[in-house]
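# Observations on chain architecture
Next come the chains, spelled out residue by residue.
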Amino acid sequence: MIQDLIFLFDRELVKLEEEVKSYPTEDLLWKKEGEIANSGGTLAVHLCGNLKAFIGKEIGGYEYERNREFEFSGIAIPRENLVKEIQETASWVRASLGKLDGKKLEEKFPVQPFPRELTYQNFLLHLYGHLNYHLGQINYHRRLVSLFDVNK
């Protein structure tokens, strides 16, 4: 299970990096339009913060102080810096998950933000679903704002 999780998280973080790099312009990465409240860049920053906090810090023991308010502030950071952040997040996730053993997956996760108590395994499955949910939003955002930009 652990090797499968490493493979899946790594695969999706590579896709996240590809999505960020695929925006035709850096401005479009941070574009909000109409009722689109979060840009692709904002969601990418959020995903990195989420994974660094829950996997890097809680599992891997990395020093990390999450700033969730900044994640959703929409402050545009250079694409190059965002790509580096995604790469660092992927590295932390691989190393952190590599420290786990099968028995640990059945233990209670140290942070319990939900009403139902979750094990490491359940929490990691939640985080993987969260990553995929926002990755799909980023893909759709990129295609949508790119289409709007072409038509202007």
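Everything below is about the structure printed above this text.
Residues numbered from 1 in each chain as written. Predicted model: local features only at pLDDT ≥ 70, side-chain atom pairs only at ≥ 80, totals over all residues. Heavy atoms only, no water.

Our next topic: the side chain of Thr-42. Residue position: Thr-42 is located in helix H3 (residues 40-57). Assessed through its relative accessible area of 2%, Thr-42 is described here as buried. Residues in contact with Thr-42, not counting those within four places in the same chain, are Trp-30, Glu-71, Phe-72 and Gly-74. (Helix = DSSP H or I, 4+ residues; strand = E, 2+ residues; numbered from the N terminus. Buried < 20%, exposed > 50% of the residue type's maximum accessible area, 1.4 Å probe, protein only. Contact = heavy atoms within 4.5 Å.)

This part takes up the side chain of Thr-89. Turning to its location among the elements, Thr-89 is positioned in helix H5 (residues 79-98). Take Thr-89: its relative accessible area is 1%, and that puts it in the buried class. Beyond its immediate chain neighbours, meaning those up to four positions away, Thr-89 contacts Leu-13, Cys-48, Leu-51 and Lys-52.

This part takes up the packing of helix H1 (residues 2-22) against H3. The contact between H1 and H3 brings their axes to 11 Å, and the two run at 155°. On the basis of their axis angle, the class for H1 and H3 is roughly antiparallel. In terms of crossing hand, the pair formed by H1 and H3 is left-handed. Contacts between H1 and H3 involve Phe-9, Leu-13, Leu-16 and Val-20 on the former and, on the latter, Ala-44, Leu-47, Leu-51 and Ile-55. By residue class, the composition of the contact of H1 with H3 is eight nonpolar, no polar and no charged. (Axes fitted to C-alpha atoms, helices over the stretch in contact; angles between N-to-C directions. Parallel < 35°, antiparallel > 145°, perpendicular 65-115°, else oblique. Left-handed = near helix turned anticlockwise from the far one by under 90°. Nonpolar A, V, L, I, M, F, W, Y, C, P; charged D, E, K, R; others polar.)

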